[in-house]
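Structural description and commentary
Residues per chain are reported as follows:
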Amino acid sequence: GKLLGVPAAQILPFSTGVILEPLPLDRLVAGLPAAIADLAADHWSSAAHGIMTTDTLPKISSAKVQIDGKTVTFTGISKGAGMIRPNMATMLSFLATDAAIAQPLLRKLAVEIADASFNRITVDGDTSTNDSFIIAATGKSGVNVNSESDAAYAAVREALTAAALELATKIVRDAEGATKFMTIRVEEAGTTEEALKVAYAVAHSPLVKTAFFASDPNLGRILAAVGYAGIDDLDVSNIRLWLDDVLVAKNGGRNPDYQEADGQRVMKQAEISVRIALGRGQVSDTVYTCDFSHEYVSINADYRS
């Protein structure tokens, strides 16, 4: 705060690393003058690299949108590859726009956007002590958003959400040891809670994740996860299950037309969609996840060494 000439309360510290291991504060403080002297508007890439830990790639999103005849920029960075199940997992994300957004509205937007992006991803089901998602609005574009009724609100909200979702899914795509990116979509749920219970039961199942790694269409593992997700009055005869465009199960059992060769074809893809219809209502929700590989175990077994 002293170096920047601002109150200490305006400085937000963020950290990631081995939990319980103290940070080397003397080295951090000693490095601050050089870091501040090197500040520049085009150093997003350096910042994205600087926050990496077990990430293999920097994660950046940037877009320009025309709103009310003015150009508005949305740029963000994130980090994370393991210990990922944001409740808000070890992940950090910083998203900035030059739109001017009233603080109460920005706070509300941050929660809504997190729920549509970072709170819909999981790598291993493990949450961390360090999760942070920040949105900053500088107002330099001259586009003002003071309430949800403002003309620019919808476009700003859409752009912020798209940037956050891109940053969140890049975390899953770069997950520790991951070879496949999976979209788990639950449809026809009675409530959002039901949809997420089922989606996360599938996304967190080690048996499901290892089957995807092996390209093994052992799809009963998905249905087993649906069954133990915690919906007490679930009628299995109403459930349908698709693997991409392949209808695997219906009417409480295997689809008579399903051929394992079709399932095998989809399972070999690098990106796979799992769609589950519960037949209970009209609510849908989506979770993004990845497979479990030998490399994930190696990275986390050797993490401190």
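Coordinates for the structure precede this section.
Residues numbered from 1 in each chain as written. Predicted model: local features only at pLDDT ≥ 70, side-chain atom pairs only at ≥ 80, totals over all residues. Heavy atoms only, no water.

**What about the pattern of salt bridges?**
Under the defined criterion, the tally for this structure stands at 14 salt bridges. For Lys59, the salt bridge identified is with Asp55, shortest N-O distance 2.8 Å. Asp55 gets classed as buried once you look at its relative accessible area, which sits at 7%. A salt bridge links Arg173 to Glu271; the nearest nitrogen and oxygen atoms lie 2.3 Å apart. In this pair, Arg173 sits in helix α4 (residues 153-173) while Glu271 sits in strand β11 (residues 271-277), placing the two residues 98 residues apart along the sequence. We classify Glu271 as partly exposed; its relative accessible area is 45%. Connected through shared salt-bridge partners, Lys108, Glu112, Glu148 and Arg157 make up one network. (Salt bridge = Lys/Arg side-chain N within 4 Å of Asp/Glu carboxyl O. Buried < 20%, exposed > 50% of the residue type's maximum accessible area, 1.4 Å probe, protein only. Helix = DSSP H or I, 4+ residues; strand = E, 2+ residues; numbered from the N terminus.)

**Some details on the nonpolar core**
Of all hydrophobic cores here, the largest spans 38 residues; its most connected members are Ile101, Phe118, Phe133, Ile135, Val156 and Leu160. Elements with a contribution of two residues or more to this core: β2 (70-79), α3 (103-116), β5 (132-137), α4 and β12 (283-290). Examining the composition of this core, we find that 10 residues originate from one element, α4, more than from any other. In this view, Ile135 contacts Leu95, Leu106, Ala110, Ile113 and Leu160; residues no more than four positions away in its chain are not counted. (Core = buried A, V, L, I, M, F, W, Y, C linked by side-chain atoms within 4.5 Å. Contact = heavy atoms within 4.5 Å.)

**With respect to the sheet that holds β5**
The 4 strands lie next to each other as β1-β2-β3-β5, forming an open sheet whose pairing is mixed. The two strands at the open ends of the sheet, each matched to only one other strand, are β1 (59-67) and β5. Sheet twist, expressed as the mean angle between neighbouring strand axes with direction ignored, is 10 degrees. One ladder, built from 6 bridges, connects β2 with strand β3 (residues 92-97); its direction is antiparallel. Among the inter-strand pairings, Thr75 is bridged to a residue of β3, identified as Ala96. (Pairing = 2+ DSSP bridges. Axes fitted to C-alpha atoms, helices over the stretch in contact; angles between N-to-C directions.)

**Brief notes about the sheet that holds strand β9 (residues 246-250)**
Taken in spatial order, the 6 strands of this open sheet run β10-β9-β8-β11-β7-β12, and their pairing is mixed. Looking at strand neighbours, the two that pair on one side only are β10 (253-254) and β12, the edges of this open sheet. Two elements, β9 and β10, share 2 bridges in a ladder whose sense is antiparallel. Within the sheet, the bridge partner assigned to Ala249 lies in β10 and is Arg254.

Worth remembering: the numbers are spatial, not functional.
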